[in-house]
Amino acid sequence: MFTFGIDMWKNLQKRIASLPKWLTNIYFICGVAFVVWMVVIDDNNVINQYRKHSELSVLLEKKKFYLQQITETQKQLSELTSNPATQEKFAREHYWMKRGNEDVYVIVRK
């Protein structure tokens, strides 16, 4: 039984000796192991980094949109608080307010 293990070890050594030298270089083996670790195994692998980058770009687009909406809303608010004609227009459109001698008809489309 013990001789079988020795024969297997000698056979493995012969196979390793027949490989090119650059495949048996310790730096090459460590480099390949490092690349495999970083691409596949690690929590911060390339696939997760790509997903996080795409999610970040989506979030930055949303941030840009919301900042634009904030500036538009602030502009409308300042106009609404400073201009009486705009206040009247807003009240008529949103709250259906009317003057004393007017009638308001609301048309609902289906």
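Please refer to the structure higher up on the page.
Residues numbered from 1 in each chain as written. Predicted model: local features only at pLDDT ≥ 70, side-chain atom pairs only at ≥ 80, totals over all residues. Heavy atoms only, no water.

### Examining the overall build of the protein chain
Next up, step 1: A count of helices and strands for the protein chain gives five helices and zero strands.
Next up, step 2: Ordered by position from the N terminus, the helices and strands of the protein chain form the series α-α-α-α-α.
Next up, step 3: In terms of C-alpha radius of gyration, the protein chain reaches 37 Å, well past the compact-globule figure of 13 Å for 110 residues.
Next up, step 4: If you line up the protein chain on its principal axes, its C-alpha atoms span 115 × 35 × 20 Å.
Next up, step 5: When burial is assessed residue by residue, the protein chain has 3% of its 110 residues classed as buried. (Helix = DSSP H or I, 4+ residues; strand = E, 2+ residues; numbered from the N terminus. Rg over C-alpha atoms; globule rule 2.2 N^0.38 Å. Buried < 20%, exposed > 50% of the residue type's maximum accessible area, 1.4 Å probe, protein only.)

### As for the pattern of salt bridges
Once the charged atoms of two side chains with opposite charge are near each other, the side chains can pair.
Next up, step 1: This structure, assessed with the given rule, holds one salt bridge.
Next up, step 2: A salt bridge links Glu-88 to Arg-92, with the shortest nitrogen-to-oxygen separation between them at 3.2 Å. Here Arg-92 and Glu-88 lie together in helix α5 (residues 84–95), a separation of four residues that amounts to about one turn. (Salt bridge = Lys/Arg side-chain N within 4 Å of Asp/Glu carboxyl O.)

### Considering helix α3 (residues 26–41)
Turn by turn, an α-helix covers 3.6 residues, leaving residues three or four places apart pointing in a common direction.
Next up, step 1: The terminal C-alpha atoms of α3, which comprises 16 residues, lie 21 Å apart, in line with the 22 Å expected from a rise of 1.5 Å per residue.
Next up, step 2: A distance of 3.1 Å separates the backbone nitrogen of Tyr-27 from a side-chain oxygen at the start of α3, and that oxygen is part of Asn-25. (Expected span 1.5 Å × (residues − 1). Polar contact = N/O pair within 3.5 Å; in protein donor to acceptor, adjacent residues only side chain to side chain.)

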